[in-house]
Amino acid sequence: FFFPFTISVCHLPPLLHFALLTTMKVSLKNWLCTAAVLYNPNSVVYASEGVISPTAPTLPTASTTAPFVDGKIFINGAVSNAPSDMKLADVYGCCTSTPLSADQCPDGTESEHRRLLSPTKIGTMPQMNEEQAVQALSSAVDAWAGGSGVWPQMSLGDRIDGVRKFMRELKFKREDIVNVLMYEIGKNRKDAEAEFDRTMQFCEKTIEYIQSSNEFGSGWDASNGPTRLFLSRAAIGIVLCLGPYNYPLNETYATLIPALLMGNIAILKLPTVGGLAHQLTMEAFAKALPPGTINFISGSGRTTMPPLMESGKIDSLAFIGGSNAADKLIKAHPEPHRLKLFLQLEAKNMGVYLADLWSSDDVDARTHMERIMKETVAGALSYNGQRCTALKLLFVPVQHAEQFATTLAKEVEVMSVGLPWETTESNKYSQITPLPNRGRVEYMKALIDDAMSKGAKIMNKNGGTIVGGEGESTLMIPAILYPVTPDMRAYDEEQFGPVVPIAPYNSINEVLSYAHNGKYGQQVSLFTSNSKSTANLVDQFSTVFGKININAQCGRSPDTAPFSGRRSSAMGVMSVADALREFSVPTVVSYKDVGGNEELVRGMEGHSKFLKSYS
């Protein structure tokens, strides 16, 4: 099987018993040498060179014990085992490592490369049916109680205390959650730790915004003649939250926590992939929040979601995923006009490289281009390109496009490829890690095959190779595709993986046409060295995209900035402040300062939780 950076590797299919290696090792040696290089019809197999990167990996020093999460259910504040009539699905992650002897590998295989890797069972996930999903909904309906439930009627200060208690409890689970993120979704340790920590920071910043803002009760406004106004924000109702697999904690909590702080009742649908991390949060929620404030649903979305939406009892949908699934959910609601929507969907973010970048070849210009290439690699391939904000199509002037593709290919060839917890000699974690399942691998291969059948080439050595065997491995070396043209699927489809299409353009009008006529409108990155040539593009793109990045990759951060989009990329705005607004309604209390009204209202303030000024 594969070990990072090695092309000549040892691999066994899962059904071949390990003992066969000892009895057939001589005849298997040559087959073992080439088993891992199973996909890349465009490039030569560099078996004699044997490396992707000049930086050899080292065995990890940190503990890499595979987790096992026994799937539970969480309804009405109680964490319990799945009932006997509820199916449990096995959850697999990467990877089990089995050492091999020198005799079982090709001659010259280094000791750290002598091992087999295969998926390992890391937990179970309850598979709810329609009736069981409706039980979770019933708990939410009771907790909401038409707006008079314990949580929605609690003061904002008390709800903040509850969320902070949850955060304190969750921090005890940090290492367990980080480990699960590595094994289940292939996120390297550094990124998994960053996801947890950034999530906690987002929650705290959200609370700090509430405490410093005048949006949540700032006293009586007397600027409207005799009319006095008290403005705050109140809950919408029952919020159905569906988060993604790629950032199961961070993206989900960016909607869930603001919704809870505003007094809403939440139903959390665990993602099919990435759901184990949420399993580890149940006890913290149970200790911190009143029963029914949040309920979990797991299992098939096609089975569990329709009855919830069809009930008409869902007041708000917080959905991060694909637009087709979002449309189906919305259409299932009997009164979609009153369904408050927050959607973060697909994107096909462009990187646009202007011709002025090549107008000079002095030291400053070369340094500038080096920075741009680093931004490009990070933008396209951080977490294997599995980010909605990833750069997914690079437009380069035709006269410079091949040179650009060649340079980018060289940058990608030295990226470390390995398992999430493995480090290189420089003590850095693997940059390219396994995809979460074979379905993602097959989709990448389909895009590559389509592009190559229409004239594109893979520019980097071994690009598109499935390292470790076609049967089970999901570790793909990134593929730099060039030239990509409008007739290729990679030109329009969101790859969400380690495929980087480069499209040469003759005129900037081609880029403008793609932006103006495209399906998506999340972000764009403009790479340039000339202010004048870029200014018009900023103006043109200001009505197309939610964010325009200058000489920088696309991204959601900082969390205080609005994260928005147009068309089929988003509906609603995510940020520390904006998410609070998305999951609440401005609510006004008013009176006229005549007679004894003021004294009457002042008396109410001492007894009303809503009329308390928080800032």
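The notes below deal with the structure included here. (Residues numbered from 1 in each chain as written. Predicted model: local features only at pLDDT ≥ 70, side-chain atom pairs only at ≥ 80, totals over all residues. Heavy atoms only, no water.)

Points about the environment of Asn551
Among the structural elements, Asn551 can be located in the loop between strand S23 (547–550) and strand S24 (566–567). A relative accessible area of 24% places Asn551 in the partly exposed class. Along the primary structure Asn551 and Thr528 are separated by 23 residues, whereas in three dimensions their C-alpha atoms are 6.6 Å apart. There is a polar contact of 2.8 Å between the side chain of Asn551 and the backbone nitrogen of Thr528. (Helix = DSSP H or I, 4+ residues; strand = E, 2+ residues; numbered from the N terminus. Buried < 20%, exposed > 50% of the residue type's maximum accessible area, 1.4 Å probe, protein only. Polar contact = N/O pair within 3.5 Å; in protein donor to acceptor, adjacent residues only side chain to side chain.)

What to know about the packing of aromatic side chains
Enumeration according to the criterion identifies 19 aromatic pairs in this entry. When the centroid spacing of 4.6 Å and the interplanar angle of 55° are considered together, the rings of Tyr353 and Phe404 count as tilted. Taken as a pair, Tyr353 in strand S13 (residues 349–353) and Phe404 in helix H13 (residues 398–413) lie far apart in primary sequence, 51 residues in all. An identical accessibility class is assigned to Tyr353 and Phe404; each is buried. Centroid distance Phe395 to Tyr514: 5.3 Å. Interplanar angle 65°. Geometry classified as edge-to-face. (Phe/Tyr/Trp six-rings, centres within 6.5 Å; stacked < 30°, edge-to-face > 60°.)

Re the nonpolar core
Counting 97 residues, the largest nonpolar core has Phe285 and Leu317 as its most contacted members. The residues contacting Leu317, other than those within four sequence positions of it, are Leu240, Leu242, Leu329, Ile330, Leu339, Lys340, Leu341, Phe342 and Leu343. Core analysis: the second largest hydrophobic core is formed by 36 residues, Ile466, Ala479, Leu512 and Leu526 among them. (Core = buried A, V, L, I, M, F, W, Y, C linked by side-chain atoms within 4.5 Å. Contact = heavy atoms within 4.5 Å.)

Some thoughts on the pattern of salt bridges
Oppositely charged side chains can pair when the atoms bearing their charge come close. All told, the structure shown has 25 salt bridges when counted by the stated rule. Across the salt bridge formed by Glu442 and Arg438, the nearest N and O atoms sit 2.8 Å from each other. Separated by 4 residues within a single helix, Glu442 and Arg438 lie in helix H14 (residues 438–453), roughly one turn from each other. Classification of Glu442 as partly exposed rests on a relative accessible area of 37%. For Arg556, the salt bridge is made with Asp559, and the minimal N-O distance between the two is 2.9 Å. Each of the salt bridges in this network shares a partner with another, and the network as a whole consists of Arg198, Glu251, Arg556 and Asp559. (Salt bridge = Lys/Arg side-chain N within 4 Å of Asp/Glu carboxyl O.)

Overview of the side chain of Asp578
Among the structural elements, Asp578 can be located in helix H18 (residues 578–582). A distance of 2.7 Å separates a polar atom in the side chain of Asp578 from a polar atom in the side chain of Ser575. For Asp578, the side chain forms a polar contact with the side chain of Arg581, separated by 3.0 Å.

Details of unusual backbone geometry
Residue Pro483 follows Tyr482 across a cis peptide bond; omega there is -10°. Here Pro483 is to be found in the loop between strand S19 (479–482) and helix H15 (489–492). Between Ser557 and Pro558 the backbone carries a cis peptide bond, its omega angle lying at -5°. Structurally, Pro558 is set in the loop between S23 and S24. Phi is positive for Ala145, which is not a glycine, with a value near 50°. With a phi angle near 65°, Asn462 is a residue other than glycine that sits in the positive phi range.

Looking at the sheet that holds S13
Strands sit in the order S16-S19-S20-S14-S13-S22-S23 across an open sheet of 7 strands; the sheet is mixed. Sheet topology places strand S16 (457–458) and S23 at the edges, where each strand pairs with a single neighbour. Relative to strand S20 (residues 499–505), S19 runs parallel, the two being bridged by 3 bridges. Residue Leu481 lies in a different strand from S20, and its bridge partner there is Pro501. Packed on one face of the sheet, H14 meets S16, S19 and S20 and runs near 25° to S19. Where helix H16 (residues 508–517) meets the sheet, its contacts fall on S13, strand S14 (391–397) and S20, and the angle it forms with S13 comes to roughly 165°. (Pairing = 2+ DSSP bridges. Axes fitted to C-alpha atoms, helices over the stretch in contact; angles between N-to-C directions.)

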